[in-house]
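Chain by chain, the residues:
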Amino acid sequence: MPQAPRMQQPAPSPAAAEERAQIRRLRLASFVEATTLLVLVFVAVPLKHLFDYPLAVRLMGPVHGAAFVAYAWSLVTTVSGGGWSRGEIARLGLAAFIPFGGFLNAGLLRRKRAALAAPTGARA
Amino acid sequence: MPYLWLKAVHVAAVLLFIGGLFAQTFALAAAQRGDAATTAPLARWDRLVTVPAMLLVWVTGATIAVEAGWFTSPWLWAKLAFVLALTGLHGIQSGKLRRLRGGDLPSSPISVLRVAGFIAAAIASIAVLVVAKPF
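Each value, and the rule that gives it
Residues numbered from 1 in each chain as written. Chains lettered and ligands numbered in written order. Predicted model: local features only at pLDDT ≥ 70, side-chain atom pairs only at ≥ 80, totals over all residues. Heavy atoms only, no water. Contact = heavy atoms within 4.5 Å. Buried area = accessible area lost by both parts, 1.4 Å probe. Salt bridge = Lys/Arg side-chain N within 4 Å of Asp/Glu carboxyl O. Buried < 20%, exposed > 50% of the residue type's maximum accessible area, 1.4 Å probe, protein only. Helix = DSSP H or I, 4+ residues; strand = E, 2+ residues; numbered from the N terminus. Arc of directions from axis to C-beta. 1 Å grid on protein atoms, 1.4 Å probe; cavity = no way out; pocket = protein on both sides within 12 Å on 5 of 7 lines; lining within 4 Å. Points joined across faces, edges and corners; volume = space filled by probe spheres on them. Nonpolar A, V, L, I, M, F, W, Y, C, P; charged D, E, K, R; others polar. UniProt positions renumbered as here; feature names shortened; annotations may be inferred. Patch = residues over 30% accessible without salt bridge, like charges linked within 9 Å, V, L, I, M, F, W, Y side chains within 5 Å. Areas by Shrake-Rupley, 256 points an atom, 1.4 Å probe, with all protein chains shown as cover. Polar contact = N/O pair within 3.5 Å; in protein donor to acceptor, adjacent residues only side chain to side chain. Lys, Arg positive; Asp, Glu negative; His and termini not counted. Charge placed at Lys NZ, Arg CZ, Asp CG, Glu CD.

## Remarks on the interface of chain B and chain A
- Listed per partner, the contact involves 19 residues of chain B and 16 residues of chain A.
- Between chain B and chain A the total buried area reaches about 1400 Å² when both faces are included, carbon and sulfur atoms providing 63% of it.
- When the buried area of chain B at its contact with chain A is split by residue, B:L55, B:R98 and B:R99 rank highest and sum to 37% of it.
- Run the count over chain B and chain A and you get 3 salt bridges.

The following block contains the structure:
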(Lines give C-alpha, C1' and ligand atoms only; values in the text may rest on other atoms or scores of the structure.)
Protein backbone atom coordinates (compact mmCIF):
# COMPACT_ATOMS: atom_id res chain seq x y z
CA MET A 1 0.00 0.00 0.00
CA PRO A 2 1.60 3.29 -1.03
CA GLN A 3 2.24 5.67 1.82
CA ALA A 4 1.07 9.25 1.70
CA PRO A 5 3.98 11.68 1.27
CA ARG A 6 4.95 13.24 4.62
CA MET A 7 4.51 16.99 4.80
CA GLN A 8 7.83 18.66 5.60
CA GLN A 9 7.73 21.58 8.03
CA PRO A 10 9.80 24.51 6.75
CA ALA A 11 12.82 25.04 9.01
CA PRO A 12 12.58 28.26 11.05
CA SER A 13 14.93 31.03 9.99
CA PRO A 14 18.04 31.54 12.16
CA ALA A 15 16.56 34.84 13.38
CA ALA A 16 13.29 33.18 14.44
CA ALA A 17 15.22 30.33 16.07
CA GLU A 18 17.28 32.86 18.06
CA GLU A 19 14.12 34.70 19.16
CA ARG A 20 12.53 31.41 20.21
CA ALA A 21 15.65 30.53 22.24
CA GLN A 22 15.51 33.95 23.91
CA ILE A 23 11.83 33.48 24.83
CA ARG A 24 12.67 30.02 26.21
CA ARG A 25 15.35 31.64 28.43
CA LEU A 26 12.82 34.24 29.60
CA ARG A 27 10.33 31.47 30.46
CA LEU A 28 12.97 29.71 32.53
CA ALA A 29 13.96 32.95 34.29
CA SER A 30 10.28 33.69 34.96
CA PHE A 31 9.73 30.22 36.45
CA VAL A 32 12.80 30.46 38.70
CA GLU A 33 11.90 34.01 39.82
CA ALA A 34 8.32 32.98 40.65
CA THR A 35 9.42 29.85 42.50
CA THR A 36 12.03 31.64 44.64
CA LEU A 37 9.48 34.38 45.46
CA LEU A 38 6.98 31.75 46.67
CA VAL A 39 9.62 30.01 48.79
CA LEU A 40 10.68 33.37 50.25
CA VAL A 41 7.15 34.61 51.02
CA PHE A 42 5.42 31.38 52.04
CA VAL A 43 8.28 29.40 53.63
CA ALA A 44 11.22 31.57 54.66
CA VAL A 45 9.28 34.57 56.06
CA PRO A 46 6.86 32.44 58.18
CA LEU A 47 9.84 30.42 59.46
CA LYS A 48 11.47 33.66 60.58
CA HIS A 49 8.44 35.27 62.23
CA LEU A 50 6.53 32.23 63.56
CA PHE A 51 9.39 29.91 64.49
CA ASP A 52 12.16 32.45 65.12
CA TYR A 53 14.34 30.88 62.39
CA PRO A 54 15.92 33.77 60.40
CA LEU A 55 18.45 31.66 58.48
CA ALA A 56 15.91 30.74 55.78
CA VAL A 57 15.34 34.44 54.92
CA ARG A 58 19.07 35.11 54.99
CA LEU A 59 19.55 32.32 52.45
CA MET A 60 16.51 32.87 50.26
CA GLY A 61 16.79 36.68 50.16
CA PRO A 62 19.95 36.77 48.02
CA VAL A 63 18.80 33.75 45.96
CA HIS A 64 15.55 35.50 45.07
CA GLY A 65 17.44 38.77 44.48
CA ALA A 66 19.67 37.06 41.93
CA ALA A 67 16.66 35.39 40.29
CA PHE A 68 14.89 38.77 40.10
CA VAL A 69 17.89 40.47 38.45
CA ALA A 70 18.22 37.58 35.97
CA TYR A 71 14.51 37.84 35.09
CA ALA A 72 14.60 41.64 34.74
CA TRP A 73 17.67 41.45 32.49
CA SER A 74 16.09 38.66 30.39
CA LEU A 75 12.92 40.73 30.03
CA VAL A 76 14.81 43.84 28.85
CA THR A 77 16.88 41.75 26.42
CA THR A 78 13.85 39.96 25.02
CA VAL A 79 11.63 43.00 24.47
CA SER A 80 14.54 45.02 23.03
CA GLY A 81 14.51 42.55 20.14
CA GLY A 82 11.12 44.00 19.12
CA GLY A 83 7.68 42.51 18.45
CA TRP A 84 6.18 43.18 21.91
CA SER A 85 3.30 45.53 22.72
CA ARG A 86 3.44 47.93 25.69
CA GLY A 87 0.67 45.94 27.40
CA GLU A 88 2.65 42.70 27.11
CA ILE A 89 5.80 44.38 28.46
CA ALA A 90 3.88 45.89 31.39
CA ARG A 91 2.26 42.53 32.17
CA LEU A 92 5.61 40.71 32.13
CA GLY A 93 7.16 43.42 34.32
CA LEU A 94 4.35 43.42 36.90
CA ALA A 95 4.41 39.62 37.15
CA ALA A 96 7.78 39.77 38.90
CA PHE A 97 6.25 41.57 41.88
CA ILE A 98 3.20 39.33 42.43
CA PRO A 99 3.32 35.81 43.95
CA PHE A 100 2.38 33.27 41.23
CA GLY A 101 2.72 36.10 38.66
CA GLY A 102 5.69 34.46 36.98
CA PHE A 103 3.71 31.28 36.39
CA LEU A 104 0.99 33.30 34.64
CA ASN A 105 3.60 34.41 32.08
CA ALA A 106 3.87 30.86 30.74
CA GLY A 107 0.81 31.08 28.47
CA LEU A 108 1.79 34.41 26.89
CA LEU A 109 5.38 33.27 26.31
CA ARG A 110 4.21 29.95 24.83
CA ARG A 111 1.96 31.81 22.38
CA LYS A 112 4.81 34.15 21.36
CA ARG A 113 7.10 31.19 20.72
CA ALA A 114 4.40 29.42 18.73
CA ALA A 115 3.85 32.53 16.60
CA LEU A 116 7.55 32.59 15.73
CA ALA A 117 7.32 28.96 14.61
CA ALA A 118 4.35 29.68 12.30
CA PRO A 119 5.16 29.32 8.57
CA THR A 120 4.26 32.94 7.92
CA GLY A 121 6.72 34.02 10.58
CA ALA A 122 4.10 36.41 11.92
CA ARG A 123 4.53 37.53 15.52
CA ALA A 124 1.66 37.48 18.00
CA MET B 1 33.14 33.75 52.40
CA PRO B 2 35.70 36.15 53.93
CA TYR B 3 35.23 39.79 53.01
CA LEU B 4 38.45 40.12 51.00
CA TRP B 5 37.66 37.07 48.86
CA LEU B 6 34.14 38.32 48.24
CA LYS B 7 35.52 41.73 47.24
CA ALA B 8 38.10 40.10 44.94
CA VAL B 9 35.40 38.07 43.15
CA HIS B 10 33.22 41.20 42.91
CA VAL B 11 36.00 43.32 41.36
CA ALA B 12 36.94 40.51 38.92
CA ALA B 13 33.29 40.16 37.86
CA VAL B 14 32.97 43.96 37.42
CA LEU B 15 36.04 44.03 35.14
CA LEU B 16 34.67 41.18 32.98
CA PHE B 17 31.21 42.76 32.81
CA ILE B 18 32.47 46.22 31.85
CA GLY B 19 34.89 44.76 29.27
CA GLY B 20 32.00 42.84 27.73
CA LEU B 21 29.77 45.92 27.80
CA PHE B 22 32.32 48.06 25.92
CA ALA B 23 32.87 45.25 23.38
CA GLN B 24 29.11 44.94 22.92
CA THR B 25 28.76 48.70 22.28
CA PHE B 26 31.40 48.69 19.54
CA ALA B 27 29.98 45.47 18.05
CA LEU B 28 26.57 47.15 17.88
CA ALA B 29 28.12 50.07 15.99
CA ALA B 30 29.68 47.58 13.52
CA ALA B 31 26.37 45.73 13.14
CA GLN B 32 24.58 49.01 12.36
CA ARG B 33 26.97 49.49 9.44
CA GLY B 34 25.87 46.16 7.99
CA ASP B 35 28.48 43.90 9.58
CA ALA B 36 26.04 42.02 11.83
CA ALA B 37 27.31 38.51 11.02
CA THR B 38 30.74 39.18 12.54
CA THR B 39 29.14 39.88 15.92
CA ALA B 40 28.09 36.21 16.37
CA PRO B 41 31.26 35.28 18.36
CA LEU B 42 30.59 38.25 20.63
CA ALA B 43 27.05 36.98 21.27
CA ARG B 44 28.54 33.67 22.37
CA TRP B 45 31.10 35.44 24.61
CA ASP B 46 28.29 37.53 26.03
CA ARG B 47 26.23 34.46 26.95
CA LEU B 48 29.16 32.51 28.41
CA VAL B 49 31.12 35.26 30.19
CA THR B 50 29.54 38.72 30.32
CA VAL B 51 26.06 37.72 31.53
CA PRO B 52 27.34 35.34 34.27
CA ALA B 53 29.80 38.08 35.33
CA MET B 54 26.93 40.58 35.52
CA LEU B 55 24.90 38.24 37.75
CA LEU B 56 27.98 37.66 39.92
CA VAL B 57 28.40 41.44 40.24
CA TRP B 58 24.85 41.72 41.63
CA VAL B 59 25.07 38.71 43.97
CA THR B 60 28.50 39.52 45.44
CA GLY B 61 27.73 43.25 45.59
CA ALA B 62 24.46 42.70 47.46
CA THR B 63 26.12 40.24 49.84
CA ILE B 64 28.95 42.69 50.64
CA ALA B 65 26.46 45.53 51.18
CA VAL B 66 24.30 43.42 53.52
CA GLU B 67 27.29 42.14 55.51
CA ALA B 68 28.69 45.67 55.89
CA GLY B 69 25.29 47.27 56.62
CA TRP B 70 25.64 49.77 53.77
CA PHE B 71 22.02 49.78 52.61
CA THR B 72 21.35 52.82 54.83
CA SER B 73 24.14 54.82 53.12
CA PRO B 74 23.09 57.25 50.34
CA TRP B 75 26.30 56.64 48.34
CA LEU B 76 25.32 52.99 47.88
CA TRP B 77 21.94 53.95 46.38
CA ALA B 78 23.64 56.37 43.99
CA LYS B 79 26.01 53.56 43.00
CA LEU B 80 23.08 51.14 42.57
CA ALA B 81 21.42 53.58 40.17
CA PHE B 82 24.52 53.52 37.94
CA VAL B 83 24.77 49.70 38.13
CA LEU B 84 21.08 49.41 37.25
CA ALA B 85 21.59 51.73 34.25
CA LEU B 86 24.59 49.70 33.02
CA THR B 87 22.67 46.43 33.44
CA GLY B 88 19.71 47.85 31.53
CA LEU B 89 22.01 49.19 28.80
CA HIS B 90 23.51 45.72 28.40
CA GLY B 91 20.04 44.19 28.06
CA ILE B 92 18.91 46.77 25.47
CA GLN B 93 22.08 46.36 23.41
CA SER B 94 21.73 42.54 23.53
CA GLY B 95 18.21 42.80 22.09
CA LYS B 96 19.28 45.28 19.39
CA LEU B 97 22.21 43.08 18.35
CA ARG B 98 19.95 40.01 18.12
CA ARG B 99 17.56 42.00 15.96
CA LEU B 100 20.34 43.20 13.64
CA ARG B 101 21.73 39.66 13.30
CA GLY B 102 18.21 38.64 12.29
CA GLY B 103 18.42 41.01 9.32
CA ASP B 104 16.41 43.97 10.66
CA LEU B 105 17.58 47.45 9.79
CA PRO B 106 18.51 49.71 12.73
CA SER B 107 15.47 51.80 13.64
CA SER B 108 17.34 54.33 15.78
CA PRO B 109 21.13 53.98 15.38
CA ILE B 110 23.11 54.55 18.56
CA SER B 111 25.97 57.02 18.80
CA VAL B 112 28.79 54.72 19.85
CA LEU B 113 30.93 57.48 21.34
CA ARG B 114 28.02 58.80 23.38
CA VAL B 115 27.19 55.35 24.79
CA ALA B 116 30.85 54.47 25.45
CA GLY B 117 31.24 57.86 27.13
CA PHE B 118 28.26 57.14 29.36
CA ILE B 119 29.71 53.76 30.35
CA ALA B 120 33.08 55.38 31.17
CA ALA B 121 31.44 58.16 33.21
CA ALA B 122 29.26 55.65 35.09
CA ILE B 123 32.26 53.46 35.94
CA ALA B 124 34.27 56.47 37.13
CA SER B 125 31.34 57.62 39.29
CA ILE B 126 30.93 54.12 40.75
CA ALA B 127 34.64 53.97 41.60
CA VAL B 128 34.53 57.37 43.36
CA LEU B 129 31.33 56.48 45.24
CA VAL B 130 32.53 53.09 46.47
CA VAL B 131 36.07 54.16 47.43
CA ALA B 132 35.54 57.67 48.82
CA LYS B 133 31.97 57.07 50.11
CA PRO B 134 31.40 60.85 49.98
CA PHE B 135 27.88 60.89 51.53
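## Some details on helix α3 (residues 86-95) of chain A
All names here are of chain A.
- Within α3, the full set of buried residues consists of E88, L92 and A95. For α3, the angular spread of the buried residues around the axis is 60 degrees, confining them to a single face. Opposite the buried face of α3, at more than 90 degrees from it, the exposed residues are R86 and L94.
- As for α3, its buried residues are in contact with α1 (14-51), α2 (55-80) and α4 (101-117).

## Side note on the pattern of salt bridges
- Counted by the stated rule, this structure contains 4 salt bridges over all chains.
- A:E18 is paired through a salt bridge with B:R101; the nearest N and O atoms lie 2.4 Å apart. Residue A:E18 is found in helix α1, and its partner B:R101 is found in helix α3 (residues 74-101); the two belong to separate chains.
- Given a relative accessible area of 24%, A:E18 falls into the partly exposed group.

## Some details on the layout of surface pockets
- Space inside the largest pocket adds up to approximately 1200 Å³.
- Around the largest pocket, the lining is made up of 46 residues, and of these B:H10, B:V57, B:W58, B:G61 and B:A62 lie nearest the centre.
- At the level of secondary structure, the elements contributing two or more residues to the lining of the largest pocket comprise α2 of chain A together with α1 (3-32), α2 (40-68), α3 and α4 (112-132) of chain B.
- Looking at which element gives the most residues to the lining of the largest pocket, the answer is α2(A), with 12 residues.
- Among the residues forming the lining of the largest pocket, the class breakdown is 35 nonpolar, 6 polar and 5 charged.
- What lines the second largest pocket is a set of 23 residues, and nearest its centre among them are A:Q22, A:R25, A:W73, B:R47 and B:V51.

## So, the UniProt feature "transmembrane region" (unreviewed entry) in chain B
Residues and elements named next belong to chain B.
- In the UniProt entry, the feature "transmembrane region" (unreviewed entry) is given for residues 12-31, 51-70, 76-92 and 112-132.
- A helix fraction of 100% and a strand fraction of 0% characterise residues 12-31, whose end C-alpha atoms lie 28 Å from each other.
- Between the C-alpha atoms that bound residues 112-132 there is a distance of 30 Å. The span itself is 100% helix and 0% strand.

## Points about a nonpolar patch on the surface
All names here are of chain A.
- A cluster of nonpolar residues, V39, V41, F42, V43 and F100, forms a patch on the protein surface that exposes about 410 Å² of accessible area.
- With respect to the helices and strands, V43 occurs in helix α1.
- We classify V43 as partly exposed; its relative accessible area is 42%.

## Digging into the environment of B:T25
Residues and elements named next belong to chain B.
- Its place among the elements puts T25 in helix α1.
- When the C-alpha atoms of T25 and I92 are compared, they prove to be 11 Å apart, with 67 residues separating the residues in sequence.
- Once residues lying within four places of it in the same chain are set aside, the contact partners of T25 are Q93, I110, V112, V115, A116 and I119.
- Here Q93 takes part through its side chain, which lies 3.2 Å from a polar atom of the side chain of T25.

## Digging into a positive patch on the surface
- Positive charge collects at one region of the surface, where A:R24, A:R25, B:R44 and B:R47 lie side by side.
- When contributions to the positive patch are tallied by element, the ones reaching two or more residues are α1 of chain A together with α2 of chain B.
- Following the sequence through the fold, A:R24 ends up in helix α1.

## Focus on the environment of B:V51
- Topologically, B:V51 is positioned in helix α2.
- Look at B:V51 and you get buried, because its relative accessible area is 14%.
- Taking the C-alpha atoms as reference, B:V51 lies 19 Å from B:A120; in sequence the two are 69 residues apart.
- Beyond its immediate sequence surroundings of up to four residues, B:V51 is in contact with A:W73, B:D46 and B:H90.

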